[in-house]
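# What the coordinates show
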Amino acid sequence: MLAGTGSDVGKSIIATALCRIFRQDGYSPAPFKAQNMALNSYATPEGLEIGRAQAVQAEAAGIACHTDMNPLLLKPSSEHTSQVIICGKPAGNKDAYQYFKREGREELRKTVNEAFDRLNAKYNPIVMEGAGSIAEINLSDSDLVNMSMAKHANADVILVADIDRGGVFASAYGTIMLQNEEDRKRIKGIIVNKFRGDIRLFQPGIKMLEDICKMPVIGVVPYYSGINIEEEDSVMLGYKQHEAEEGKINIAVILLRHISNFTDFNTLERDERVHLYYTNNTSELEKADIIIIPGTKNTLDDLYELRINGVAQAIMKAHRRGTTILGICGGYQIMGMEIYDPDSVEGNLTMLPGLGLLPVITTMQKEKVTRQTSFRFGQSAETCHGYEIHMGKSEPAEGSTACPLNTLDDGRTDGCVTEDKCMGTYIHGILDNRPFIEYLLKDFQKQKSTKKAYSDYAAFKEEQYDKLAEHVRKNIDMSLLYKILGRND
């Protein structure tokens, strides 16, 4: 288990690297995180929902993702409330107090333990990931994902500490000392992550850390550059807010409060013809050639905020100027005529008018749609691939003449298009398909850029996993790690 001294110390990235390293070394690894909190999720081949990070780790391990890799997923819908996903299926919304109270915890514990046991029977080793800090002793009685999970799995624990935020000695030592005696014995080593500068200057520090913590530092992993791994959380999007650029196709993604599945835009970010930026600044929207309204965990709440902050009006004005508008999932719903939530699936708002850009009416439903899908769009004969995760159903408004954007492989239709420059879809990952990218950019290529298009995204991701594995392998003592795991390799 990779446990942390805090949140965002890099556990997920190290876990991804180890999944690829173990695979390279001839083993059959699989990732596991008992409980994840994230808006970025993914649909498994069985049509169930897990955290995107575990899907990425499974990809690095070379296996299909499964709900046993992330049996509990919390998707925040407000500051205090999350939708609870159990074994890939929604189990209702709960506030933090309801979720963390002791009643019902043993049933959840049984669920995550059984998921681990099933996974452990098929794969070896299991690369487990904790959540946040293992030093939150006020939550230890209700813990499902950290040391209680390590105990059930009889896992060796490697503590990941972030040196970039400062205080690495105190955070590592304090985290270890706050464990009870049994849990402290499980911690077998430390990885110092996110190091910057000349590592030779930290050599005395390594010895000091080992002396005070009474365990080995098995690696110091520097910050990496030139390696692209999908982010788990949207926290990094705040650093991708940039102004439009001359000579490129400028694509503005609306920075929604509850933005989800922002990995939809990773391929576009790599396309040399494109400058993609996240913004809710109305003046920056005026400069965009294409505006994308992304997915959201709370469509009505984000639509309400778009109306309050003037972004809704800016999008509609851009459409009248001829800007291309694309909505994905919740963004597609926002582009419609009206959104209804009669059963309060998302919250207290039961109806709001949409932007009126597409002639569809959406009704939120209690049952969530989660599935991988194949489709063709427009007149294209090439089969494309993506996935759906949504709780609403969008239907044509009475008397509308709009046509579907996509035809699914089972004959159903998806989305809506009124003209080439105004369209919406429920399919996440639609922008990972070359034919759709070319369709979206076709009106801008001659006037904006002569740079090359992106390469095969699947091949690119494989290359990135190998680069990450090489980076981590070079900076941790794998022979020591294998020794800790009881191997002689």
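Calculation rules
Residues numbered from 1 in each chain as written. Predicted model: local features only at pLDDT ≥ 70, side-chain atom pairs only at ≥ 80, totals over all residues. Heavy atoms only, no water. 1 Å grid on protein atoms, 1.4 Å probe; cavity = no way out; pocket = protein on both sides within 12 Å on 5 of 7 lines; lining within 4 Å. Points joined across faces, edges and corners; volume = space filled by probe spheres on them. Helix = DSSP H or I, 4+ residues; strand = E, 2+ residues; numbered from the N terminus. Nonpolar A, V, L, I, M, F, W, Y, C, P; charged D, E, K, R; others polar. Salt bridge = Lys/Arg side-chain N within 4 Å of Asp/Glu carboxyl O. Buried < 20%, exposed > 50% of the residue type's maximum accessible area, 1.4 Å probe, protein only. Pairing = 2+ DSSP bridges. Axes fitted to C-alpha atoms, helices over the stretch in contact; angles between N-to-C directions. Polar contact = N/O pair within 3.5 Å; in protein donor to acceptor, adjacent residues only side chain to side chain. Contact = heavy atoms within 4.5 Å.

Taken as a whole and assessed by the stated rule, the structure comprises three cavities of 30 Å³ or more. Taken as a whole, the largest cavity holds about 220 Å³ of empty space. T296, K297, I389, H390 and M391 are the residues nearest the centre of the largest cavity, which is lined by 20 residues in total. Contributing elements (two or more residues each) for the lining of the largest cavity: α13 (330-335), β21 (360-377) and β22 (384-396). Among the elements that line the lining of the largest cavity, the one with the most residues is β22, at four residues. For the lining of the largest cavity, the class distribution of residues is five nonpolar, 11 polar and four charged. Size it by volume and the second largest cavity reaches roughly 40 Å³. Forming the boundary of the second largest cavity are L255, L256, R257, N280, D302, E305, L306 and N309. Split by residue class, the lining of the second largest cavity holds three nonpolar, two polar and three charged.

On to the layout of surface pockets. Quantified by volume, the second largest pocket comes out at close to 690 Å³. In terms of lining residues, the second largest pocket is bounded by 31 residues, among which Y42, H385, D432, A458 and K461 are the most central. Elements with a minimum of two residues in the lining of the second largest pocket: α2 (52-61), β21, β22, α14 (434-441) and α16 (457-475). Here the lining of the second largest pocket takes five residues from α2, the largest share from any one element. Partitioned by chemical class, the residues of the lining of the second largest pocket number 14 nonpolar, nine polar and eight charged.

With that settled, the discussion passes to the pattern of salt bridges. This model, assessed by the stated rule, comprises 31 salt bridges. Across the salt bridge formed by E388 and R371, the nearest N and O atoms sit 3.0 Å from each other. Linking E388 in strand β22 with R371 in strand β21, this pair joins segments that are 17 residues apart in sequence. Taking the relative accessible area as the measure of exposure, E388 reaches 2% and is therefore buried. Judged by its relative accessible area of 28%, R371 is partly exposed. D410 is the partner of R412 in a salt bridge, and the nearest nitrogen-oxygen pair spans 2.7 Å. Each of D8, D162, R165 and K194 takes part in one network of salt bridges that share partners.

Reading across from one edge, β3-β6-β7-β8 is the order of the four strands in this open sheet, with mixed pairing throughout. Both edges of this open sheet fall to β3 (35-37) and β8 (89-95), since each of them pairs with a single strand only. Across the sheet, the mean angle separating the axes of adjacent strands is 25° when strand polarity is ignored. Across five bridges, strand β6 (residues 72-76) lies against strand β7 (residues 81-86) in antiparallel orientation. Looking at the pairing, K75 lines up with Q83 of β7.

The next thing to look at is the side chain of N261. Within the secondary structure, N261 sits in the loop between β14 (259-260) and α9 (266-270). A distance of 2.7 Å separates a polar side-chain atom of N261 from the backbone oxygen of S41. Side chain to side chain, N261 and Y387 meet in a polar contact 3.0 Å long. Once you skip the residues sitting within four places of it in the chain, N261 turns out to touch L39, N40, S41, Y387 and H428.

These results come straight from atomic positions and should not be treated as a statement about function.
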